[in-house]
Every structure is written in C-alpha cells, then in structure tokens.
Amino acid sequence: MFGATLAIGDDILDIGTHKFDRSRGDQRAIGSGAMVPRLALGEPGQFEVPNVADPAHFCRNNFASACGNSDSKQNVKFAKGTTTLAFKFDGGIIVSVDSRSTMGAYIASGTVKKVIEINPFLLGTMAGGAADCSFWERNLGTQCRMYELRNKKRITVAAASKLLANTMSSYRGYGLSMGTMITGWDETGPQLYYVDDDGTRLHGRYFSVGSGSTYAYGVLDTYYKPDLTVEEAIDLGKRAIYHACHRDAMSGSINNLYHVTKDGWVKIHAIDVNDMHYQFLEEKKNAMSSS
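Bear in mind the structure is a predicted one, so any value in this text is a computation, not a measurement.

A.B. asks: Let's hear about the nonpolar core: which residues, and what values?
C.D. replies: Judged by nonpolar contacts, the single largest core of 21 residues is most densely connected at Leu85, Phe87, Ile94, Leu228 and Leu236. Here this core takes eight residues from helix H7 (residues 230–247), the largest share from any one element.

Here you go:
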C-alpha cells in the first residue's frame, strides 16, 4: 500500500545478543539417542543442517567427494572439471591453467583464478572444489607469513608444501576436494610439489591435475625436456592447456600462464583458448600445405 511505513520489530535488533539467546530458551529435542538442539531452519544466525535424525551420517553418505563413478549412489554428486599443469626446466618453472568453473554440464564461470599467489615467490594451483582450494591455500599463505616473521627468512617450497599436506592430513575424511601444486623458488632452486586432500605430497619435475590432465600429460610427455628455452617452455605450457581444453568439455575459457624465476613469479599472459584454437589451426594448415 502506498505511503505505508515499514515497521521493523524490536526482536530483529536483538539477534546475536544475550537477550535474544535467553528469549529462545534452551529447547532441545532427542534424536538418534542423543540430546541435540531443536532444528530451526531459516532463522537468522542459524547453521542449517539436514533435517534428519543424524545429520553427520547423512552428510557422510551423500556429500562425500569421490572420484570416478564411486559417488553414483549419492543424492548429491560433485561434478568437477579443470586442467592445471606446472613443470620445471632450466629457466625456472612454468605454471599454466585454464579458468573454467563447471557444475556438471553447466558452465558457472569462465574467469576463475586458478593460480593462488601465496607470496612473491610461491604459487599454488586449484583443482577440485574451488572453495576448498581457495580457502586452504590462502590459509597456507598466512602460515608462510607467520614462518617468515618468526624465523626472519623466507619459507622453502618444501616446507610450505609440507604445511599444506599436514593440514590436509588433519582433515582427511572430512570431504575436502583438493588436488593442488605448490611451486616456487627458494635457496635450493626451483621446486615443485603436488599435494591433495588425502595429505599425499609428491615431489617431481612436472604435474598436471584435473579432468583434462590426461590430455595435457600427452603433450608434456611428448615435448617436455629440461633444457627448453623460456620461449619454448611458455609455448609448451600454452599448447598443453589448449589441447586439454579442446578435448575436455569441463576445461576452457582463459589460459593464465606464469613463469617463476629466482626473482619471483611473473604473469606472462591471459589468452582466450578460442583465439589459440584459430592460431594453431592456421599453423597446422600452413604446415600441411608446405609439406
């Protein structure tokens, strides 16, 4: 009705205060043989949980992050998709990723930042659950900074990856979905580690993680060599992501590529994969015509 005044009750202003807590009382309900708070879904300040007798058991059975077809019996299935890769060579480290976020066949975003800039000398990549990777790698950034303040020196890549692996080990079985790479340059030179949500930590020369990783590995296995020039390494990282995006529907959009040296990381480019498609198609046509 025009001219009506919107009145806000006094009770809404009490939310979060002791008065509000006292007014709610200590209503409790019995479920699964244990005393639990009565569920009040939708109320401000409430943490909503499944309205079942045992919410924890329900979440374990229906929200677990699984690989392959092992989540076929779940009511909620995690539909993941990405391609990330990193490799060491004589000129440093190349980190190359796509930027597509998907929920099944739905493309939720094409501009996801899948490289986490932990500090000027450390980078992390995201594959799996975006929220899990983003939160815990930023948490790793905090731990790395605390290490620097306590010890008056920069943390090594090995130590940083171990901190993340320890965190993942402590949360094993809680449904996290993470497949990350931690890479950077320290006093021992360029280093690259893979860390996942089980606490697995691997040291290697190159890794690729995500639904498109098999295609990226095909390119890396064929053309990778330690003595690549910087230009060749950038081109390899670019082509590996392109071919993965071309074959994997869950990967695509923008290719973000970083080069890590002893002076820190530098972002080289952010190129639309569609533009790369026509560039490489033209190269293929020219090569076929010349032969």
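A.B. asks: Lay out the packing of aromatic side chains in plain terms, naming residues and giving numbers.
C.D. replies: Taken as a whole and assessed by the stated rule, the structure comprises ten aromatic pairs. A ring pair is formed by Tyr206 and Tyr217, whose centres lie 6.3 Å apart and whose planes are at 50°; its orientation type is tilted. Of this pair, Tyr206 sits in strand S12 (residues 206–209) while Tyr217 sits in helix H6 (residues 213–223), and the two are eleven residues apart along the sequence. Judged by its relative accessible area of 26%, Tyr217 falls in the partly exposed class. Taking 5.6 Å as the distance between ring centres and 65° as the angle between the ring planes, the aromatic pair formed by Tyr258 and Trp265 counts as edge-to-face.

A.B. asks: Tell me what's going on with H7, and back it up with residues and numbers.
C.D. replies: An ideal rise of 1.5 Å per residue puts 26 Å on 18 residues; H7 measures up with 26 Å between its terminal C-alpha atoms. Those residues of H7 lying buried are Ala233, Ile234, Leu236, Gly237, Lys238, Ala240, Ile241, Tyr242, Ala244 and Cys245. Elements in contact with the buried residues of H7: strand S3 (84–89), strand S4 (92–97), H6, strand S13 (254–261), strand S14 (264–272) and helix H8 (273–290).

A.B. asks: Explain the pairing of S4 residue by residue, including any values.
C.D. replies: The buried count for S4 comes to six of six residues, which makes it a mostly enclosed element. Examined bridge by bridge, S3 and S4 share six bridges and lie antiparallel to one another. The partner of Leu85 across the bridge, within S4, is Ser96. In this antiparallel pair of consecutive strands, S3 and S4, the connection spans two residues.

A.B. asks: Which residues make up the packing of H7 against H8, and what are the values?
C.D. replies: Contact geometry for H7 and H8: axes closest at 10 Å, N-to-C directions at 105°. Between H7 and H8, the angle is such that the two are roughly perpendicular. Counting all contacts with H7, which are made through Lys238, Arg239, Tyr242, Cys245 and His246, the residues of H8 involved are Val273, Met276, His277, Gln279, Phe280 and Glu283.

A.B. asks: So what's going on with the sheet that holds strand S10 (residues 189–196)? Residues and values would help.
C.D. replies: Ordered by their spatial adjacency, five strands build an open sheet running S7-S8-S9-S10-S11, and the pairing between neighbours is antiparallel. The open sheet has two edge strands, strand S7 (115–119) and strand S11 (201–203), and neither has a second partner. Looking at each pair of strands side by side, their axes are set apart by 20° on average, direction ignored. Here strand S9 (residues 179–186) pairs with S10 via eight bridges, running antiparallel. Bridge pairing in S10 links Thr183 to Leu192. Strand contacts of helix H4 (residues 130–151): S7, strand S8 (122–125) and S9, with the helix running at about 15° to S7, the strand carrying the most contacts. Its contacts with the sheet place helix H5 (residues 157–170) against S8, S9, S10 and S11, and it is angled at close to 155° to S9.

A.B. asks: Help me get a handle on the sheet that holds S4, residues and values and all.
C.D. replies: In spatial order, the strands read S12-S3-S4-S13-S14; together these five strands make up an open sheet with antiparallel pairing. Both edges of this open sheet fall to S12 and S14, since each of them pairs with a single strand only. Across the sheet, the mean angle separating the axes of adjacent strands is 10° when strand polarity is ignored. Across the sheet, H7 is in contact with S3, S4, S13 and S14; its angle to S3 comes to roughly 160°. Sheet strands touched by H8: S13 and S14. Its angle to S14, the strand with the most contacts, is close to 75°.

A.B. asks: Quick rundown of the pattern of salt bridges? Include the residues and the values.
C.D. replies: For the structure on display, the rule yields five salt bridges. Here Asp98 makes a salt bridge to Lys114, at a shortest N to O gap of 2.9 Å. Residue Asp98 is found in the loop between S4 and strand S5 (101–103), and its partner Lys114 is found in the loop between strand S6 (106–109) and S7; the two are separated by 16 residues along the sequence. For the pair shown, Asp98 and Lys114 are each scored as buried. Notably, a salt bridge pairs Arg145 with Glu148, separated by 3.1 Å at the nearest N-O pair. One end of the pair is Arg145 and the other is Glu148, both in helix H4 and three residues apart, which spans about a single turn.

Basis of the calculations
- Residues numbered from 1 in each chain as written.
- Predicted model: local features only at pLDDT ≥ 70, side-chain atom pairs only at ≥ 80, totals over all residues.
- Heavy atoms only, no water.
- Core = buried A, V, L, I, M, F, W, Y, C linked by side-chain atoms within 4.5 Å.
- Buried < 20%, exposed > 50% of the residue type's maximum accessible area, 1.4 Å probe, protein only.
- Helix = DSSP H or I, 4+ residues; strand = E, 2+ residues; numbered from the N terminus.
- Phe/Tyr/Trp six-rings, centres within 6.5 Å; stacked < 30°, edge-to-face > 60°.
- Expected span 1.5 Å × (residues − 1).
- Contact = heavy atoms within 4.5 Å.
- Pairing = 2+ DSSP bridges.
- Axes fitted to C-alpha atoms, helices over the stretch in contact; angles between N-to-C directions.
- Parallel < 35°, antiparallel > 145°, perpendicular 65-115°, else oblique.
- Salt bridge = Lys/Arg side-chain N within 4 Å of Asp/Glu carboxyl O.

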